Amino acid sequence: MSLQKPVMRGLLAKRLRFHLPIAFSLAIAAALAFKFGVTEPRKKAYAEFYKNYDNVKEFNAMREAGVFEGVRPSGE
Amino acid sequence: MAHPSQLGFQDAASPVMEELLHFHDHTLMIVFLISTLVLYIIMAMVTTKLTNKFILDSQEIEIIWTLLPALILILIALPSLRILYLMDEVNDPHLTVKALGHQWYWSYEYTDYNNFGFDSYMVPTQDLTPGQFRLLDVDHRMVIPTESPVRVLITADDVLHSWAVPSLGIKMDAVPGRLNQTAFIVSRPGIYYGQCSEICGANHSFMPVVVEAIPLKHFENWSTLMLENS
């Protein structure tokens, strides 16, 4: 029984056909991971921070801590 | 201010800086996409002995690797131009402050209604009080009102300097003989630090910028006080 002739052509192309879809998928996965791991949480964090941010309360807390130069704590 | 081992931007304290943060995230995402693709392709190419010596051309791949980068560039350019135009919008400032760079300190002039000004020197390390930041704190801060558009006119007295406050997304060169303008709105009260960003001599690292944002009512009290003391 003679051996089957091995595939001798198109080996690199076959490798590329195998690896390129994986490459593109991994690249898109990396982008999506960054988008949903960093970008969206950051946008949400800023939205949450400012949603209930009380300018006056925060300012008064900083003022009483004595960090400002332009306005001293209310006791002084 | 930045904290030790910080890699990313400081928290944004102005709307423009928030937009810049989101744009940076968007662009960095694209960078990771391209880098992952290229790295994988490199790994795939160096881990094989297979070659094809007879490729001469390929219209298909040429089209792909022309159109794909063009599309990516458009995806970067559109938000970039949007922010660029956002930063240049006519903003009708409520206050104008002049910042002058000297060797090696900043001076600020408030000349809108009354005329007063002061110098802003870095607090030397040996004179720091507990709670002050080394190489960042100054004796007199630039005080401005929160949530009001502020215009800063920047120039220099001697050599090039640059007035920068990263958390507000501002950096503008101070050029002798030239008046550069920038504008910003501070979203929340606080103290925001920056450092001179153009080499200007021996003490270039020791002329920081400190912006203190307080509510308008307190800002008006402060400016009245400054006027009385000047």
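Residue indices begin from 1 for each chain and proceed along its sequence in written order. Chain A is the first chain written and ligand 1 is the first ligand written, with later ones labelled in order. The predicted origin of the model limits local features to residues at a pLDDT of at least 70 and limits the giving and counting of side-chain atom pairs to 80 or more, whereas totals for whole chains, interfaces and linings rest on all residues. Each side-chain value is derived from all of the structure's non-hydrogen atoms; neither hydrogens nor water enter the calculation.

A short note on the overall build of chain B
Scanning chain B from terminus to terminus reveals three helices and ten strands. When the elements of chain B are put in sequence order from the N terminus, they spell out α-α-β-β-β-β-β-β-β-β-β-β-α. Between the two quantities, the radius of gyration covers C-alpha atoms and the globule rule is 2.2 Å times the number of residues to the power 0.38. Since a compact globule built from 230 residues should have a radius of gyration of about 17 Å, the 24 Å found for chain B marks it as more spread out than a globular shape. Expressed as lengths along the three principal axes of its C-alpha atoms, the size of chain B is roughly 85 × 40 × 35 Å. Note on classification: 1.4 Å probe, protein chains only; a residue is buried when its accessible area is under 20% of the maximum for its type, exposed when over 50%, partly exposed between these limits. For chain B, the proportion of its 230 residues judged to be buried stands at 39%. The contact definition used throughout considers only heavy atoms, calling two residues in contact when any of these lie within 4.5 Å. For chain B, the proportion of contacts with a sequence separation of at least 24, taken over those separated by at least 6, is 64%. Here a helix means four or more residues in a row that DSSP labels H or I, a strand means two or more in a row labelled E, and each is numbered from the N terminus.

Quick look at the UniProt feature "domain: Cytochrome oxidase subunit II transmembrane region profile" (unreviewed entry) in chain B
UniProt positions are given in the numbering used here, feature names are shortened, and annotations may be inferred rather than shown by experiment. As recorded in UniProt, the feature "domain: Cytochrome oxidase subunit II transmembrane region profile" (unreviewed entry) lies at residues 1-91 of chain B. Taken end to end, residues 1-91 of chain B is 67% helix and 0% strand, and its two terminal C-alpha atoms sit 27 Å from one another.

A closer look at the domain arrangement of chain B
All names here are of chain B. Each domain of chain B was delimited in the assignment, giving domain 1 (15-88) and domain 2 (95-229). Delimitation of the domains relies on an automatic or database domain assignment. The distance between the C-alpha centroids of domain 1 and domain 2 comes to 39 Å. With four residues of domain 1 in contact, the opposing surface of domain 2 contributes six residues. Using a 1.4 Å probe, buried area is obtained as the accessible area two parts lose upon being combined, added over both of them. Summing the contributions of domain 1 and of domain 2, the shared interface buries around 320 Å²; its carbon and sulfur component is 59%. Polar contacts, as counted here, are pairs of nitrogen or oxygen atoms within 3.5 Å of one another; within protein the pair requires one atom able to donate a hydrogen and one able to accept it, and residues that are adjacent in sequence qualify only if both atoms are side-chain atoms. The interface formed by domain 1 and domain 2 contains zero residue pairs in polar contact (both at pLDDT 80 or more). Here the residues of the side of domain 1 that touches domain 2 sort into three nonpolar, no polar and one charged. Residues are grouped as follows: Ala, Val, Leu, Ile, Met, Phe, Trp, Tyr, Cys and Pro are nonpolar; Asp, Glu, Lys and Arg are charged; all remaining types, including Gly, are polar.

Examining helix 3 (residues 216-229) of chain B
An α-helix turns once every 3.6 residues. As a result, residues three or four positions apart point the same way. Here the expected span of a helix is defined as 1.5 Å times the quantity of residues minus one. For helix 3 of chain B, spanning 14 residues, the distance from its first C-alpha to its last is 20 Å, which sits close to the expected 20 Å at 1.5 Å a residue. Among all positions in helix 3 of chain B, only B:His218, B:Phe219, B:Trp222, B:Ser223 and B:Met226 are buried. Taken end-on, helix 3 of chain B shows its buried residues confined to a sector of 135°, consistent with a single buried face. Along helix 3 of chain B, exposed side chains directed more than 90 degrees from the buried face belong to B:Lys217 and B:Glu228. Tucked inside the fold, the buried residues of helix 3 of chain B contact helix 2 (55-65) of chain A together with strand 1 (95-102), strand 2 (105-110), strand 3 (116-120), strand 4 (142-145) and strand 10 (208-214) of chain B. Regarding the arc, it is the one traced by the directions from the helix axis to the C-beta atoms.

Here's the deal with the UniProt feature "domain: Cytochrome oxidase subunit II copper A binding" (unreviewed entry) in chain B
UniProt annotation of "domain: Cytochrome oxidase subunit II copper A binding" (unreviewed entry) refers to residues 92-225 of chain B when read in the numbering used here. Measuring from the first to the last C-alpha atom of residues 92-225 of chain B gives 26 Å, for a span that is 7% helix and 43% strand.

Details of the layout of surface pockets
The calculated volume of the largest pocket comes to roughly 990 Å³. Lining the largest pocket are 33 residues, with A:Leu20, A:Phe24, B:Leu37, B:Ile41 and B:Ile64 positioned closest to its centre. At the level of elements, helix 1 (11-51) of chain A together with helix 1 (15-46) and helix 2 (59-87) of chain B are the ones that each hand at least two residues to the lining of the largest pocket. With eleven residues, helix 1 of chain B is the largest single contributor of residues to the lining of the largest pocket. Partitioned by chemical class, the residues of the lining of the largest pocket number 28 nonpolar, four polar and one charged. One number sums up the size of the second largest pocket: a volume of about 660 Å³. Around the second largest pocket sit 23 residues that line it, and B:Val16, B:Met87, B:Asp88, B:Asn91 and B:Ala183 are the ones nearest its centre. Here the lining of the second largest pocket takes four residues from strand 8 (residues 180-184) of chain B, the largest share from any one element. For the lining of the second largest pocket, the class distribution of residues is 13 nonpolar, five polar and five charged. Among the domains, domain 1 (15-88) and domain 2 (95-229) of chain B are the pair contributing at least three residues each to the lining of the second largest pocket. Only protein atoms enter the 1 Å grid used here. Points where a 1.4 Å probe fits but cannot escape make up a cavity, open sets with protein on both sides within 12 Å along at least five of seven lines make up a pocket, and a residue lines them when an atom lies within 4 Å of a point. Grid points are joined across faces, edges and corners, and a volume is the space filled by probe spheres set on the points.

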